[in-house]
Amino acid sequence: MLFGTIVGSLADKYGRKRASITYCITYILSCLTKHSPQYRILMVGRVLGGIATSLLFSAFESWLVAEHFKRGFEAHWLSLTFSKAIFLGNGLVAIVAGLLANTLAGTLGLGPVSPFDAAACFLAIGMAIIMFTWPENYGDPSEGKTLVSQFQTAASAIASDEKIALLGAIQSLFEGSMYTFVFLWTPALSPNEQKIPHGFIFATFMLASMLGSSLASRLMARINVRVEGYMQIVFLVSAGSLLLPVLINFINDSSGERGGSITASGQLLLLGFCIFEACVGVFWPSIMKMRSQYIPEESRSTIMNFFRIPLNVFVCVVLYNVNAFPITAMFGMCSLFLFLAAILQRRLLVVADKHKSRAVENWASDKLQDVETEPLNI
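In short, a report on the structure. As the structure is a computational prediction, the values presented were derived from the model and not from experiment.

1. Brief notes about a nonpolar patch on the surface
Together, Met-1, Leu-2, Phe-3, Val-47, Val-313 and Val-317 make up a nonpolar patch on the protein surface, roughly 520 Å² of accessible area in all. Tracing the backbone shows Leu-2 in the segment before α1 (3–14).

2. Quick look at the environment of Leu-219
Along the chain, Leu-219 turns up in helix α9 (residues 198–221). Distance in space between the C-alpha atoms of Leu-219 and Val-282 is 9.4 Å, their sequence separation being 63 residues. Beyond its immediate chain neighbours, meaning those up to four positions away, Leu-219 contacts Val-225 and Tyr-230.

3. Details of the nonpolar core
Counting residues in hydrophobic clusters, the biggest one holds 71 residues, and the most contacted among them are Leu-189, Phe-205, Met-231 and Phe-273. Examining the composition of this core, we find that 14 residues originate from one element, helix α11 (residues 264–294), more than from any other. Each residue touching Phe-273, except ones within four places of it in the same chain, is listed here: Phe-181, Trp-185, Ala-188, Leu-189, Phe-205, Leu-242, Pro-245 and Phe-331. Within the second largest apolar cluster, 17 residues are counted, among which are Ala-19, Tyr-23, Ile-51 and Ala-59.

4. Quick word on the pattern of salt bridges
Scanning the model with the defined rule gives 10 salt bridges in all. A salt bridge links Arg-18 to Glu-136; the nearest nitrogen and oxygen atoms lie 4.0 Å apart. You can see Arg-18 sitting in helix α2 (residues 16–32) and its partner Glu-136 sitting in the loop between α6 (114–133) and α7 (147–160), a full 118 residues away along the chain. A relative accessible area of 48% places Arg-18 in the partly exposed class. Across the pair Arg-347 and Glu-162 runs a salt bridge whose closest N-O atoms are separated by 2.8 Å. Taken as a pair, Arg-347 in helix α13 (residues 327–377) and Glu-162 in helix α8 (residues 162–189) lie far apart in primary sequence, 185 residues in all. Given a relative accessible area of 35%, Glu-162 falls into the partly exposed group. Counted as one network, the salt bridges with shared partners bring together Glu-67, Lys-70 and Arg-71.

Conventions and cut-offs
- Residues numbered from 1 in each chain as written.
- Predicted model: local features only at pLDDT ≥ 70, side-chain atom pairs only at ≥ 80, totals over all residues.
- Heavy atoms only, no water.
- Patch = residues over 30% accessible without salt bridge, like charges linked within 9 Å, V, L, I, M, F, W, Y side chains within 5 Å.
- Areas by Shrake-Rupley, 256 points an atom, 1.4 Å probe, with all protein chains shown as cover.
- Salt bridge = Lys/Arg side-chain N within 4 Å of Asp/Glu carboxyl O.
- Helix = DSSP H or I, 4+ residues; strand = E, 2+ residues; numbered from the N terminus.
- Contact = heavy atoms within 4.5 Å.
- Core = buried A, V, L, I, M, F, W, Y, C linked by side-chain atoms within 4.5 Å.
- Buried < 20%, exposed > 50% of the residue type's maximum accessible area, 1.4 Å probe, protein only.

Here's what the structure looks like:
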């Protein structure tokens with residue numbers, strides 16, 4: 001939240017390619033700190049990891065959108081690119097990476113730090129590809145523009161355009177619930193320390209996410225289907241899926257014998273969590289498309305990092321107080337936030353329609369004036 005927002009926002013001024021290379025270097029250093037047993041060194045690694053995460057979620061997408069339009073490609077092709085990125089990157093590659101990490105750390109007996117070393121190797125390869133194949137692009141490279149003025153420009157854009165503010169709120173609510181879910185699903189599925197196949201469940205989640213991203217690509221390919229429309233349904237479905245632990249807790253008593261395998265209620269929860277992961281798969285390419293439509297190019301990275309400030313605050317507060325509330329209360333809160341995201345998504349659709357109709361009216365008015373002045377010109 002602190003360091004990443006500042007560093008990530010520099011991408012607009014100093015170049016998205018440079019920022020992407022900085023991500024690779026920063027995360028390689030973060031991986032290397034895992035070899036130290038000293039707490040201070042490990043904390044430095046987490047600071048570097050936080051900076052890298054902000055760059056990962058802003059610089060790469062900003063570079064892609066700018067380069068896409070600079071080359072004159074069709075706007076709707078972006079949706080296809082985003083869907084493939086989520087399907088292959090967040091889904092298929094995540095599964096393969098998990099299997100590789102398990103093989104290195106467990107099967108080959110190289111220890112728990114070996115996956116970080118493998119990650120550093122892949123990061124070095126990625127950095128070489130970026131350095132030698134990517135052209136540079138910028139947001140607003142004005143020489144006299146300071147970081148403070150960049151923040152002011154981004155804040156002004158968010159305050160003056162309701163669509164951008166709504167998009168930021170929607171993203172923070174959904175991602176905050178998603179990251180909270182990451183910490184809650186394990187104790188939810190094994191409330192009495194049941195033995196559950198974590199690796200298999202993770203792979204199942206990733207498959208569900210891949211299914212969701214595939215569905216999103218099909219929806220965005222339809223001319224008569226709007227992202228702002230179907231995302232309302234996605235948020236409502238995700239809210240219902242995370243409300244399931246609360247409902248099951250009212251029906252069943254979670255107290256029982258410790259140990260054993262996953263229970264019948266746990267299996268029902270697993271189904272609900274897979275539905276939520278499918279919604280996550282739909283969310284990522286869809287939110288990327290909406291960001292490409294509504295966020296101005298000159299401040300894209302800065303605004304995207306602004307969106308992550310309330311998200312990070314939310315997750316920090318939740319995790320700090322995770323023992324103060326029962327797990328069902330945490331799921332209920334996430335469900336409430338997702339329902340609120342659905343309401344804000346509905347508002348975004350209304351505002352976008354008003355803006356579109358106003359633009360059409362202005363265009364028609366200009367055309368009418370041209371027609372009226374044409375005889376005078378003759």
